[in-house]
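Observations on the model geometry
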Amino acid sequence: MQILPKYERAHYALGMAALRTLDWQKAERAFLDALKVNEANGETWFDLGFVYLATGEMLRAKVAFETSLVLNTVDAATAHNNV
């Protein structure tokens, strides 16, 4: 599948689809691609945190959740809990 490199929403949607199928590697890549377009998206950072939790990368998960909090994620309570 070809995605326009600057189309943040498509990368994010691909990441969410990969989360549902537990394809952590594909989800991480898609979220990182979305962040290349817009590194200030708190929701992308939040969901990337879950990828890192699932893969046992606790330090990376902590950084992702903390970043999502700085960027005002809509799910701040869960982000705080996961930090």
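As a reminder, the structure under discussion sits directly above these lines.
Read on for an overview of the structure.

1. A word on the pattern of salt bridges
- On inspection of all chains with the given rule, the structure shows five salt bridges.
- The salt bridge involving Asp33 is made with Arg29; its shortest N-O contact spans 2.9 Å. Pair noted here: Asp33 and Arg29 are both in helix α2 (residues 24-37), with a separation of four residues, about one helical turn.
- With a relative accessible area of 18%, Asp33 lands in the buried category.
- Here Glu66 and Lys62 are joined by a salt bridge, their closest N and O atoms 2.8 Å apart. In this pair, Glu66 and Lys62 both sit in helix α4 (residues 58-70), four residues apart, roughly one turn of the helix.
- Taking relative accessible area as the criterion, Lys62 reaches 35% and is therefore assigned partly exposed.

2. Quick look at α2
- With 14 residues, α2 extends 20 Å from end C-alpha to end C-alpha; this agrees with the ideal 20 Å at 1.5 Å per step.
- Packed against the buried residues of α2 are α1 (8-20), α3 (42-54) and α4.

3. Details of the packing of aromatic side chains
- Enumeration over the complete set of coordinates arrives at four aromatic pairs.
- Arranged with centres 5.7 Å apart and planes meeting at 45 degrees, the rings of Tyr12 and Phe31 form a pair that is tilted. Remark: Phe31 occurs in helix α2 and Tyr12 occurs in helix α1; sequence separation between them is 19 residues.
- By relative accessible area, which is 0% here, Phe31 ends up buried.
- Centroid distance Phe46 to Phe65: 5.6 Å. Interplanar angle 75 degrees. Geometry classified as edge-to-face.

Cut-offs and rules
- Residues numbered from 1 in each chain as written.
- Predicted model: local features only at pLDDT ≥ 70, side-chain atom pairs only at ≥ 80, totals over all residues.
- Heavy atoms only, no water.
- Salt bridge = Lys/Arg side-chain N within 4 Å of Asp/Glu carboxyl O.
- Helix = DSSP H or I, 4+ residues; strand = E, 2+ residues; numbered from the N terminus.
- Buried < 20%, exposed > 50% of the residue type's maximum accessible area, 1.4 Å probe, protein only.
- Expected span 1.5 Å × (residues − 1).
- Contact = heavy atoms within 4.5 Å.
- Phe/Tyr/Trp six-rings, centres within 6.5 Å; stacked < 30°, edge-to-face > 60°.

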